[in-house]
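# A look at the structure
Each chain, written out:
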Amino acid sequence: VSVHAEGKTIDDIGFYGYGGAKTPFNTPFEPSEGEIELGLEKSYSEIKNAKIKVQVTHAPPSRTKLDMIVSGAHVGSDAIRDFIERNQPNVAVSAHIHESRGVDEIGKTKIMNSGRFPEGYVGFIEINDSKITTKVSSLI
């Protein structure tokens with residue numbers, strides 16, 4: 001199921017998001033911050049009445065544990081962070097920065113970057129009666 005600029009509700013859980021991220025390599029799909037914001041607004045509008053909201057983006061939100069590269073610089077998306085701060089989804093899942101796997105929070109939103117599966121990492125989200133837990137584990 002693609003949630004790129006789309007929202008999908010399964011039971012009482014609404015999934016929405018936007019793909020792509022800025023890189024120093026000028027790859028074919030690098031959306032602007034404005035495109036990310038519009039895509040999140042559109043997809044969120046399709047699930048806004050869901051009991052639980054899960055945001056899925058490739059790029060991580062800026063200024064978190066999940067967007068730091070080896071040098072210590074934060075390279076995440078301001079548009080994604082601003083969207084989380086305004087809308088406070090229950091969970092926000094991202095990727096892109098492989099070395100910054102882990103969990104963090106922005107307000108009431110739990111955020112997670114599971115790291116690379118080929119390197120043995122996986123993320124878990126457990127939703128139990130509106131209580132949500134997130135964790136990243138190594139399968140190796």
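Residues numbered from 1 in each chain as written. Predicted model: local features only at pLDDT ≥ 70, side-chain atom pairs only at ≥ 80, totals over all residues. Heavy atoms only, no water.

Okay, the environment of Ile10 next. By the element assignment, Ile10 lies in strand S1 (residues 7-10). Given the relative accessible area of 46%, Ile10 is considered partly exposed. Separated by 42 residues in sequence, Ile10 and Ile52 have C-alpha atoms that sit 10.0 Å apart. (Helix = DSSP H or I, 4+ residues; strand = E, 2+ residues; numbered from the N terminus. Buried < 20%, exposed > 50% of the residue type's maximum accessible area, 1.4 Å probe, protein only.)

Here we come to the side chain of Thr57. Assignment of secondary structure puts Thr57 in strand S3 (residues 52-57). A distance of 2.7 Å separates the side chain of Thr57 from the backbone oxygen of Ala59, its partner in a polar contact. Apart from residues lying up to four places away in sequence, Thr57 is in contact with Tyr18, Leu40, Ile80, Val93, Ser94 and Ala95. (Polar contact = N/O pair within 3.5 Å; in protein donor to acceptor, adjacent residues only side chain to side chain. Contact = heavy atoms within 4.5 Å.)

Let's shift gears to the pattern of salt bridges. The full count for this structure, using the stated rule, is 7 salt bridges. As a salt-bridge pair, Lys42 and Glu6 come within 3.5 Å of each other at their nearest N and O atoms. Highlighted residues: Lys42 in helix H1 (residues 33-45) and Glu6 in the segment before S1, separated in sequence by 36 residues. The partly exposed category is assigned to Glu6, whose relative accessible area is 31%. The partner of Glu46 in a salt bridge is Lys42, and the shortest N-O contact between them spans 2.9 Å. (Salt bridge = Lys/Arg side-chain N within 4 Å of Asp/Glu carboxyl O.)

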